[in-house]
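Take a look at the letters that make up each chain.
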Amino acid sequence: MPSYVPPVRDTRFVLNSVIGLDRYTNLPGFTAATGDVVDAVLEEGGKFVAEVLFPLNLSGDQQGCTRHPDGSVTTPDGFKEAYAQFTTSGWSTLSAPEEFGGQGMPHVVATAFEEYMISANMAFAMYPGLTHGAIAALLAKGSDEQKAKYVPKMVSGEWGGTMNLTEPHCGTDLGLIKTRATPNADGSYAITGTKIFISSGEHDLTSNIIHLVLAKTPGAPDSSKGISLFVVPKFLVNDDGSLGARNGVTCGSIEHKMGIHANSTCVMNYDGATGWLVGEEMKGLAAMFIMMNAARLGVGLQGLGVAETAYQNAANYARDRRQGRALTGAAEPGEKADTLFVHPDVRRMLMEAKALTEGLRALCLWGALQVDLAHKAATEEERQQADDIISLLTPVIKGYGTDKGYDIATNAQQVYGGHGYIAEWGMEQYVRDARIAMIYEGTNGVQAMDLVGRKLAQNGGRAVQAFFKVVTEEIAAAKGVPATADFAGHLEKALGQLQAATMWFVANGMKDPNQVGAGAHHYMHIMGIVAVGMMWLRMAKAAAELLEAGDSGADVDRAFLEAKLVTARFYAERIMPDAGALRRKIEGGAESLMALPPEMFLAA
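Residues numbered from 1 in each chain as written. Predicted model: local features only at pLDDT ≥ 70, side-chain atom pairs only at ≥ 80, totals over all residues. Heavy atoms only, no water.

Quick word on helix α11 (residues 427-436)
The α-helix advances 3.6 residues per turn, and as a result positions three or four apart in sequence lie on the same side. Our working definition: Throughout, exposure labels follow a simple rule: accessible area from a 1.4 Å probe, protein chains only, divided by the maximum for the residue type, with under 20% read as buried, over 50% as exposed, and the rest as partly exposed. Numbering of helices and strands runs from the N terminus, with a helix taken as a DSSP run of H or I at least four residues long and a strand as a DSSP run of E at least two residues long. Two residues qualify as a contact provided that any one of their heavy atoms is within 4.5 Å of a heavy atom in the partner residue.
Burial runs high along α11: 8 of the 10 residues are buried. Three or more residues of α11 are buried, namely Met427, Glu428, Gln429, Tyr430, Val431, Arg432, Asp433 and Ala434. Looking at the buried side of α11, the elements it contacts are α3 (57-63), α6 (122-141), α8 (284-320) and α10 (380-415).

Here's the deal with the pairing of strand β7 (residues 227-233)
Let me state the cut-off plainly: Any two strands are treated as partners once DSSP identifies two or more bridges connecting them.
Burial of β7 is extensive: 7 of the 7 residues sit out of reach of the surface. Every second residue of β7 is oriented toward a common face, with Ile227, Leu229, Val231 and Pro233 on one face and Ser228, Phe230 and Val232 on the other, all of them buried. Inspection of the sheet shows strand β6 (residues 208-216) paired to β7 by 7 bridges, in the antiparallel sense. Across the sheet, residue His211 finds its bridge partner in β7, namely Val232. As paired strands, β7 and strand β11 (residues 266-278) are joined by 3 bridges and run antiparallel to one another. Bridge pairing links Leu229 to Val278 in β11.

Describing the state of the cysteines
We count it as follows: When two cysteine sulfur atoms are found within 2.5 Å, that pair is recorded as a disulfide.
Scanning the entire structure with this criterion turns up 0 disulfides. Free cysteine Cys266: the closest other cysteine sulfur is in Cys251, separated by 3.6 Å. Under the relative-accessibility criterion, Cys266 is labelled buried at 0%.

Re a nonpolar patch on the surface
Note the cut-off: The patches reported here contain residues having more than 30% relative accessible area and no salt bridge. Joining distances are 9 Å for like charges and 5 Å for nonpolar side chains (Val, Leu, Ile, Met, Phe, Trp, Tyr). Computed by Shrake-Rupley with a 1.4 Å probe, the accessible areas treat only the displayed protein chains as cover when residues are assessed. Criterion for a salt bridge: a side-chain nitrogen of Lys or Arg within 4 Å of a carboxyl oxygen of Asp or Glu.
The grouping of Leu596, Met600, Phe601 and Leu602 at the surface amounts to a nonpolar patch, some 490 Å² of accessible area in total. On the basis of relative accessible area, Leu602 is assigned to the exposed category, the value being 68%.

Focus on empty space enclosed by the protein
Applied cut-off: Residues are said to line a cavity or pocket when one of their atoms sits within 4 Å of a point; the points come from a 1 Å grid over protein atoms alone, cavities being sets where a 1.4 Å probe fits but cannot get out and pockets being open sets with protein on both sides within 12 Å along at least five of seven lines. Grid points are joined across faces, edges and corners, and a volume is the space filled by probe spheres set on the points.
Evaluated as defined, the whole model comprises 4 cavities of 30 Å³ or more. In this structure, the largest cavity occupies an estimated 50 Å³ of space. As for the largest cavity, its lining consists of Asn57, Ile118, Ser119, Ala120, Asn121, Met122, Val306, Thr309, Gln429, Tyr430 and Asp433. Mapped by element, the contributors of at least two residues to the lining of the largest cavity are α5 (107-120), α8 and α11.

Focus on the pairing of β11
When strand β5 (residues 189-198) meets β11, the two strands line up antiparallel, connected through 8 bridges. Bridging from a neighbouring strand, Thr194 pairs with Asn269 of β11. Across 5 bridges, strand β10 (residues 249-254) lies against β11 in antiparallel orientation. Paired with Cys251 across the two strands is Met268, which belongs to β11.

Structure follows, in structure tokens:
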């Protein structure tokens, strides 16, 4: 049976010593995030997910959700009770605005808890995760009346939320949607159409579900420019806040999926359901992107969360399982065999997992901090830079983070050998669950094209230049410190590969757009390597400084900090060199990639 221990010590190290939360106490929301409060969130949040959510992960996967003849859906045994504990304990309110019943904590603190929840039970975490995205869209684009009517009960967790984009004939190309919104005399709209792949579309955890639905009004352009966003509650809400009649939206079926079985991914049928316009007509895609960007960061966190649990179990298995002898001779002659840890290839998989999970955790938390700073930083310049950087890195966190999360899950399964392929060990569930994160909220190929096709050139390249500047300055500072000088040199080379790849796109992309498309995936990975590398530079610096303080008598966790320095060296020597190979792939161009006609891809 698998196990999970929330990595509280590592999270605390990142928040305190790498990000330095105490430097932002002058900003709104951060005042309450004192060390004691954050420690309590991490400790109690970790305890909650480990004791309440994790025990339901395997059974929830095995049982799945059930759709009944009346269209209602029940979640697996124990989920409803666990959700009640989740809301009663206030975990749904962490970073929500205080005016709507939230605690107003920084997004970065809520992100730390969300990672633990995903690691413990990804399918469960998706129910409140979709609600938070819907809240973000309503707060940004909803009317005051809509905010007052829906948001407080969504914040408390009494009501859930969804996003309804995809239809049977269209996924990424939302301009093809056929769902229609016909105006009613009272200012509402009748929504008619079918949506598919709707996570948390119908369930028994909340008394109401607030659907955000993309549709087209009569006469709207038959393209993405004609899309509007509507709020469509499962139950209509009376003026006094009580629930009224059942709306014309039902679950037609539950999708049969590879993983995340305990989340109800539904086909949703809208049969003249009553909905209300959110924001301006035909401006729905911009409103939905607010929700999608929040979701994409959350999906990147899913890559990390599943990878962390898979890695923990693989490391524990390698410590206990005895097979063969060390290449240099028996490590434990008194035993019939040595543990898996003596084998370099097992070490390779585990060290890659350790380096990437710890690096991605730092990147996800730093990214969450940028979300906070984009709204709350003291100056307009600081807010602009934070917004630029997180906009640039969102597709990287989602795409690179989930690509690597899946790699880690499959390598963790590989550590188990044949036992990893057997369901009772639990590893195959992590592989299945991790796979969806590379697909939904925009496939990773779409993320790569968003990065190179939109984000690089946006505002004259302002965001990527800001990112290059931050990394360059940190490299320069680290070169003068013996403990980080070598790592800084490796990161400088990787950054050089990224900058060269950027210039290659500038020189060749306008001549042939396929040159950009052919290299987009590789470019996203180079930027991921550099972004995580910058996090490792910061962690190495923090670890070295704390060890130096320990030499002067301070109480430090020496083994933990020394492991940080070794892992940073591994990242520099074994992962950052991939940037050069990826750059050479980009410079290989698109000619051979695009040359064959479609009929040549299949044998006659």
